[in-house]
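Per-entry structural report
Below are the chains, spelled out letter by letter.
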Amino acid sequence: MFREMRRKKQLLPDEVSRGILERNTSGVLSLMGEEGYPYGVPLSYVLVGDKIFFHCAKEGHKIDAIRNCEKASFCVIDQDKIVSEEYTTYFRSVIAFGRVHILEKEEEKLRAIQILAGKYSGDQGEEGINMEIGKHFANLCMLQFDMEHLTGKEAIELVRMR
């Protein structure tokens with residue numbers, strides 16, 4: 001169903017690709033937008049197993065696109081170092097493919113935002129996190145992206161350095 005990577009030498013092992021998703025904080029969710037135009041939107045996220053969670057408003061372009069087509073991809077760039085003397089970049093990135101849906105059940109939505117908040121709240125503590133969630137929960141939408149396929153790729157120069 002999913003294409004094989006053409007430059008197989010540059011393919012990252014699955015555990016490295018997952019590590020990139022775990023340690024980074026933002027990526028681009030790509031959806032089928034209006035009139036067939038792709039819609040890519042940068043988002044904060046958290047990875048839990050084979051699921052990626054995002055938060056957003058209850059209305060807007062993203063929500064409309066998801067309601068029209070659940071298929072999506074999510075891209076995270078881990079490294080992109082310009083090496084001017086070689087006229088290239090030493091890059092490392094991942095792309096996840098899957099389906100995204102809106103969490104409708106209150107308990108699923110709450111669990112997802114607690115996990116997401118835990119990633120970004122630093123030392124704020126559980127009480128502070130729960131107070132902040134409580135302030136915004138009624139107007140909050142949580143999205144769940146179910147990964148079906150994950151690929152990672154890095155510059156051939158980085159492969160050679162290993």
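Our structure's up above, just so we're on the same page.
From a predicted model like this one, the values you see are computed outputs, not experimental measurements.

**So, the pairing of strand E6 (residues 88-102)**
Of the pairings in the sheet, the one linking strand E5 (residues 71-83) to E6 comprises 12 bridges and is antiparallel in character. Residue pairing across strands places Ala72 opposite Gly98, the latter belonging to E6. Linking E5 back to E6 in an antiparallel pair, the connection comprises four residues, with Tyr87 at a positive phi of about 55°. As paired elements, E6 and strand E7 (residues 141-154) share 11 bridges and run antiparallel to each other. Counterpart to Phe97 in the pairing with E7 is His149.

**Digging into the packing of aromatic side chains**
In total, this model carries three aromatic pairs according to the counting rule given. Judged by centre distance (5.5 Å) and plane angle (40°), the ring pair of Phe2 and Phe97 falls under tilted. Residue Phe2 is found in the segment before helix H1 (14-23), and its partner Phe97 is found in strand E6; the two are separated by 95 residues along the sequence. Here Phe97 falls in the partly exposed class, since its relative accessible area comes to 28%. Aromatic pair Phe54 and Phe74: ring centres 5.0 Å apart, planes at 65°, arrangement edge-to-face. Here the residue Phe54 occupies a position in strand E4 (residues 51-56), and Phe74 occupies one in strand E5, the gap between them amounting to 20 residues. Accessibility assignment for this pair places Phe54 and Phe74 in one class, buried. A network of ring pairs unites the aromatic residues Tyr45, Phe54 and Phe74 as a single cluster. When the ring centre of Tyr45 is taken as reference, the NZ or CZ atom of Lys119 above it lies at 4.3 Å.

**Description of the pattern of salt bridges**
By the definition in use, this model includes 11 salt bridges. The salt bridge involving Arg18 is made with Asp14; its shortest N-O contact spans 3.4 Å. Residue Arg18 and its partner Asp14 are located together in helix H1, separated by four residues, close to a single helical turn. The class for Arg18 is partly exposed, based on a relative accessible area of 22%. Close ionic contact of Arg23 with Asp78 constitutes a salt bridge, the shortest N to O distance being 2.8 Å. Remark: Asp78 occurs in strand E5 and Arg23 occurs in helix H1; sequence separation between them is 55 residues. What you see here is one network of salt bridges that share partners, running through Arg23, Asp78, Arg92, Glu154 and Arg162.

Parameters at a glance
- Residues numbered from 1 in each chain as written.
- Predicted model: local features only at pLDDT ≥ 70, side-chain atom pairs only at ≥ 80, totals over all residues.
- Heavy atoms only, no water.
- Pairing = 2+ DSSP bridges.
- Helix = DSSP H or I, 4+ residues; strand = E, 2+ residues; numbered from the N terminus.
- Phe/Tyr/Trp six-rings, centres within 6.5 Å; stacked < 30°, edge-to-face > 60°.
- Buried < 20%, exposed > 50% of the residue type's maximum accessible area, 1.4 Å probe, protein only.
- Lys NZ or Arg CZ within 6 Å of the ring centre and 35° of its normal.
- Salt bridge = Lys/Arg side-chain N within 4 Å of Asp/Glu carboxyl O.

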